[in-house]
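As a plain string of letters, each chain reads:
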2 protein chains.
Amino acid sequence: MMSEQRLQRASSWTRRRDEKEGRMQAVMRWMSGPVLPTDKTVEALEALVVAEDRIVLEGDNQKQADFLSRSLAKVNPKKIHDLHLIISSISRPEHLTIFELGIAKKVDFAFAGPQSLRVAQLLEDGVLEIGAIHTYVELYARLLVDLIPNVVLVCAEQADQEGNLFTGPNTEDTPVIVEAAAFHNAIVIVQVNKIVDTLPRVDIPGSWVDIVVEADNPYAVEPLFTRDPRHITDLQILTGMMVIRGIYERHQVQSLNHGIGFDTAAIELLLPTYGEALGLRGKICKHFALNPHPTLIPAIESGWVESVHSFGSEVGMDEYIRARPDIFFTGRDGSLRSNRVLCQLAGQYAVDAFIGATLQMDGDANSSTVTTGRLAGFGGAPNMGHDPHGRRHSSPAWLDLKTNADPTLPGRKLVVQTLETFAKGGEPAFVETLDAVEVGKKAGMPIAPIMIYGQDVSHVVTEEGIAYLYRTEGIEERRRALAAVAGISPVGLKAKANETAELRRRGIVAFPEDIGVQRLQATRSLLAARSMEDLVAWSGGLYQPPAKFRSW
Amino acid sequence: MMSEQRLQRASSWTRRRDEKEGRMQAVMRWMSGPVLPTDKTVEALEALVVAEDRIVLEGDNQKQADFLSRSLAKVNPKKIHDLHLIISSISRPEHLTIFELGIAKKVDFAFAGPQSLRVAQLLEDGVLEIGAIHTYVELYARLLVDLIPNVVLVCAEQADQEGNLFTGPNTEDTPVIVEAAAFHNAIVIVQVNKIVDTLPRVDIPGSWVDIVVEADNPYAVEPLFTRDPRHITDLQILTGMMVIRGIYERHQVQSLNHGIGFDTAAIELLLPTYGEALGLRGKICKHFALNPHPTLIPAIESGWVESVHSFGSEVGMDEYIRARPDIFFTGRDGSLRSNRVLCQLAGQYAVDAFIGATLQMDGDANSSTVTTGRLAGFGGAPNMGHDPHGRRHSSPAWLDLKTNADPTLPGRKLVVQTLETFAKGGEPAFVETLDAVEVGKKAGMPIAPIMIYGQDVSHVVTEEGIAYLYRTEGIEERRRALAAVAGISPVGLKAKANETAELRRRGIVAFPEDIGVQRLQATRSLLAARSMEDLVAWSGGLYQPPAKFRSW
C-alpha cells in the first residue's frame, strides 16, 4: 500500500523557493546587496510580482507602506492582474485604484474606515471581491495557514546596507507580516525612510528581508489616537464617572484596554480628579494595553499608571515616551517598541476589561460601527471585546463576574460598551435591527458584520445608567436590562417602569444616583485637562501635538 | 488642580533602566562584549539577580534553558531568595529544587507534567506559592501587563560576538520572552550551545540581548510529539475512522490542530489509506498548525498536506523538514522556523478545528488531564480548544456549525474531544465529578483546573460513537447526547435506549454504522505506517528517530 501512495507525492518540494529565486534573479542587475534604487521600484515590482499572486500590503489604521502602494498602482495591468490583496486596513485611495485598474481582484482585510463607502460601491460593481473581513490578529493568523503570501510590501523607518530594519516607535504589523513571508519563501520588500550605516537598534534582522528601497517620502502615519479634550461633552463626563464608580471601582479593574473615542478619553482625564477624590489611585487602572493616548498623560503624571504596552505609537508622543521608560516599552535607543500582535494578545488574555464606544446597538446588545452603505470592518475590537474562553488565570475583577458558585464554571472578562441613546443628528443609537444586517446581506456576506456580539458584552453604559448584563438570567431579562438604559429610543421605549425598578433593586441596572454619581458634578471642570495646551503642560512640554491639533 | 496633582508624580521615570545599568556594571569586568565566560555564570547570576525579583526561566514542554536553571540552583540562598519564578513548564528537578532551597518562593506557570506530583506536595508543605496556572499565551501576555520581569533566562542554539541569536528549529517561546524583557529594561541572559563567528541566520537581534554564555552542554530537548505507530490500537483506529467520516468529511475540515496522542496519530496515519479510499485528498486536512509529528509524514508524502506551521520542532525531523520547504516554514539556512505565540494564534483563530484526547470527562463534557494529587496545568490546549468569539471570517466548516439562521449569530469553531470510555486499568473516563474539582479545592485555586469547558466542546468521540454536542438544545439534551456515547461508565449508564435512538434519528448522536464506518475494518492493517521503520521508509530515510524509538 505504501508504494502505491508514494506515487502520488509531489514532483517537487521546493517550488516556492525555486519560484522566489527565479523572480529575484530578474532584479539582481539593479541591486546592491539588498538595496534597490528608488527609481527602479515599479520595474522591480513588475518582475517580482506575478498575476494572481497573493500580496500583503502593509497598511493599517496608522502607518502605511504608501510608496509601495503607489508604485504598485503604476505597474502594467496587462502584465500584473487579478492579485489577491491582503491588507489590514484599506485606508488610502490607491488601495482601491489597483482594483479599478484590474491589478488586483480579491481582497481580505480587517478595516476600511476612510474608504468604506468606496469598498461597498466597488463590490456592488463587481470590480472587487471580498474574501472575508477579519479582526487584525485573525488576518495575521491566516498568513500562517491558508493565506500564505507570495510577496509582502511593508515599511520601516530605516535600513542598513545588510537589510536590517529599524521599524521605530510604530512597529505595529511589520514583524508578523515579515515573519510569515520570510520563512515560507515569499519575497519581502521594504520601503524605508532612509538607508543608513548604523541603525539605532535592529527590530527585524536582515536575513528576513530580501529588498529594501528608500521611499520618495517618509511613510504616511496618522494621529488616530489623539482626542482633543475640548470636545469632551458633559454627557461623556457623566458616563465616565459611572464607569469609574460602577464598574472600575466595583469590580477592582486593574488592567485594561481603552478603545479610541471621547468616552474613554473622558475616563482617562477623570482619573486624576474624580478618581483621586474617591481614593482609587493604586487600586484601579494600573496596567494598560493601548496606543499612547495623549489623554492618558495626566493619569501617568499623577502616578496612576504602572505600565502601558502598545499596538503602535502616536504622532507627537515620541519625546514624552522616551522620557518615561518605566511606563512604556522602549528599546536601547530610547524609542517606543510597539507590536500589534503582542499587544492584541495582552488585550485579549491579560487584561481585566475592554471598554469601547459603539455607534449602534440592537435590543440583544449586538453592536456595530457599520452603518448603511459602508463596509467599515472590524479592526482589533472584537479580539479584545469578548471573553476569551482559553483564559485560566484569575484576577479579582475576573472572579467578580462569576455569578455561579459551581467550581467547574470560570470567571469572565469585562466587556463594556458605551453609547449615547441618541447619536448626533437625533438618530436613535438603539435600534430594532442593526444596519449591519442589511449591509451584510447586500454585500453577500455569510453572516452580518457584527462588531461585538451581545452574548460577549458584560456591561452597557449610557447617559441613563449601567446595565449589568452579565448578571441577567436568560435573554428576556437581558433585553429588559438593556431597555432600562436605552432612553426613549425604540429599544428603550419597551422598558416598563415596574420592571426597571425591580432590576435596579436587584443591582442588575444602576442609575447614576444608585452608585453615588451626582449628575450635577458632571461638567468639564472635572477634567484634568480641558485642552491640548493642558496636555502639553502636563507633559512638561514633551508632548508635541501635530499641527492640526494646535490652535494656540 | 493640575499643579496639585503633579506633586504626586514619581520622582524618577527611569528606575528600571538605572537599576539594570547598576546590575550590569557589576559583571562588566568578566564580559567581552555580550559574552560571559561559562565559569562565571553562578557569580554573574548572584550579581544580576536580586532577592524578590521576578524571573522568567525558559522551560517549556520541549526545550530547556537547563544550564541556566542548574546555575540558578547554585546561587547563595542567603543572598538571593524569594524569587517569583515565571516558567511555561515546570519540567526539570532543579525547577523545584530552587524552591526547596528558598531561592524562589512564588511561581506562575502553564504546565507541570513531569513534576506535577512534586508541585502538589511542595504546595501542601508551604514551600511554594502558586500565582496562577495559565495557558502558554496568557502567561506570555502577562509579561507585557502585570508580570513584567526583572531578569529572563533563555536558550538558543548559537550566538555571535555581537549577541545576535540563532534559535534554530526549536524557536518556541524565546522571541516573546526576550521581547517582553528587552523592551522594558529587564536583563536578557541567554545560554547558547556555541558561540560562533557567523550565524546560519539571525532569529533575535543582538540589540535585544544583554548576556550570552556558552553552556556546559547543549540545551535539553525532548521528543514529545513522537508516537510509535506500533502502539496504536484497533479502538484508536475505529475512533480515527469516525473522526474522518463523521467530522472532517461531514464538515469539510480543511485546517486544523491535532493534539499530542495516539488518537490523532491514528487519524494522521489513516489519511493516506482510509481517507484516500473515500476520495477526500485535497478536500480535507490541508493546513495544519502543529509540531512536526513524525506520524504526519505519510500524509505529507501522499500529497495531502499543503502547509504546516509549528510551535516548535521535533527531535529527528530536522533533515526531513529541510527537504520539504513547500510544506514547513523554514529560514534561508534551510532549517525550521517555529514560533509558539504565532502558532497558537494560528491554532486559535485561523483553523477550522481543534482535536485532542482527554483523560477524564464529566457529564457536562467538562474535561481535564488533572488527576488526583497532580497539578499538571494546561499548556496550550485551552487556547485552541475553545471557540474564539473574536473570529469574524467564515469557512465552510465554521459555517456548518451555525445552527440558527439568525444573521446576527456567528458560526463556530470545531472543538473535538476524543476519549475511550474506560482508561487503562479499568477506571471509567466518564465520571460524575472530575478529579480536578478536588485537586483545585485542595490547592486553594479559586476555580477548578478544567482543561476544556463543556460549553466549548462541539463534538465528543468515543469508541461508541460521536456526540454532536453543538446541535443539542439545552443542558439536558447535551447530557443525554454525551451519555449515549459514554458506554457503561457512570455517565453512560444514565443513557436510555429510547432517548438514544431518538438522538441518532435526529443526527445528534452517530454510531459507527450510522456514518458508514465498518467496525470490522478498524484494524492496524489500515494504518499507512505500522512502525517507526515504516515512518523512516516513508521519509526516504530523512527522518531520524531518537535512539529510544529505534528498535530495529
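Above this text is the structure in question.
Residues numbered from 1 in each chain as written. Chains lettered and ligands numbered in written order. Predicted model: local features only at pLDDT ≥ 70, side-chain atom pairs only at ≥ 80, totals over all residues. Heavy atoms only, no water.

Draft legend 1. Spotlight on the relation of the copies chain B and chain A. It takes a turn of 180 degrees to lay chain B on chain A, together with a shift of 0.0 Å along the axis; the resulting RMSD is 0.0 Å. The two molecules are tied by a two-fold rotation axis, judged by turn and shift. Here 100% of the interface residues in chain B have copies in chain A that are interface residues too; the copies meet face to matching face. (Least-squares fit on C-alpha atoms with pLDDT ≥ 70 in both. Contact = heavy atoms within 4.5 Å.)

Draft legend 2. The arrangement of the packing of helix α5 (residues 93–100) of chain A against helix α6 (residues 116–124) of chain A in detail. Residue and element names in this part refer to chain A. Contact pair α5 / α6: the axes reach a minimum separation of 11 Å and the direction vectors enclose 10 degrees. Regarding the angle of α5 to α6, the classification is roughly parallel. From α5, P93, L96, T97 and E100 reach across to α6, where they touch R118, V119 and L122. Residue classes in the contact of α5 with α6 are distributed as four nonpolar, one polar and two charged. (Axes fitted to C-alpha atoms, helices over the stretch in contact; angles between N-to-C directions. Helix = DSSP H or I, 4+ residues; strand = E, 2+ residues; numbered from the N terminus. Parallel < 35°, antiparallel > 145°, perpendicular 65-115°, else oblique. Nonpolar A, V, L, I, M, F, W, Y, C, P; charged D, E, K, R; others polar.)

Draft legend 3. Region of the structure containing helix α6 (residues 116–124) of chain B. All names here are of chain B. Buried residues of α6: S116, V119, A120, L122 and L123, and no others. Down the axis of α6, the buried side of the element spans an arc of 165 degrees, and every buried residue falls inside it. Against α5 (93–100) and β5 (129–133) lie the buried residues of α6. Backbone geometry just after α6 places G126 at a positive phi near 75 degrees. (Buried < 20%, exposed > 50% of the residue type's maximum accessible area, 1.4 Å probe, protein only. Arc of directions from axis to C-beta.)

Draft legend 4. Representation of the sheet that holds strand β14 (residues 360–362) of chain B. Residue and element names in this part refer to chain B. Overall, mixed pairing links the three strands, which are arranged β15-β14-β17 in an open sheet. The open sheet terminates on both sides in strands that have one partner only, identified here as β15 (367–368) and β17 (430–431). In this sheet, β17 lies alongside β14 in parallel orientation, the contact comprising two bridges. Note on β17: the bridge partner recorded for M361 is F430. (Pairing = 2+ DSSP bridges.)

Draft legend 5. Looking closely at the pattern of salt bridges. Inspection of every chain in the model, using the stated rule, returns 72 salt bridges over all chains. A salt bridge links A:D53 to A:R23; the nearest nitrogen and oxygen atoms lie 2.6 Å apart. Of this pair, A:D53 sits in the loop between α3 (41–48) and β2 (54–57) while A:R23 is found in helix α2 (residues 15–25), placing the two residues 30 residues apart along the sequence. A:D53 gets classed as buried once you look at its relative accessible area, which sits at 5%. What makes A:R23 buried here is its relative accessible area of 8%. The shortest N-O distance in the salt bridge between B:D228 and B:R230 comes to 3.8 Å. For B:D228, a relative accessible area of 9% corresponds to the buried category. Three or more residues are tied together by salt bridges with common partners; here these are A:D66, A:R70, A:R92, A:E94 and A:D216. (Salt bridge = Lys/Arg side-chain N within 4 Å of Asp/Glu carboxyl O.)

Draft legend 6. Broad picture of the environment of A:E464. Residue and element names in this part refer to chain A. Within the secondary structure, E464 is located in the loop between β18 (459–461) and β19 (466–467). With a relative accessible area of 29%, E464 lands in the partly exposed category. As a C-alpha pair, E464 and L235 span 229 residues in sequence and 9.6 Å in three-dimensional space. When near neighbours in sequence (up to four residues on either side) are disregarded, E464 contacts T421, V485, G487, F511, P512 and R519.

Draft legend 7. Representation of α3(A) within the structure. Of the positions making up α3(A), those classed as buried are A:T41, A:A44, A:L45, A:E46 and A:L48. Each element contacted by the buried residues of α3(A) is listed here: α2, β1 (35–36), α4 (66–72), β6 (151–159), β8 (187–195) and β9 (211–214) of chain A.

Draft legend 8. Highlighting the sheet that holds strand β17 (residues 430–431) of chain A. Strand order in the open sheet formed by three strands is β15-β14-β17 (chain A), with mixed pairing between adjacent strands. Both outer strands of the open sheet, β15 (367–368) and β17 of chain A, are each paired with one neighbouring strand and no more.

Bear in mind that shape data such as this cannot, by itself, settle questions of function.
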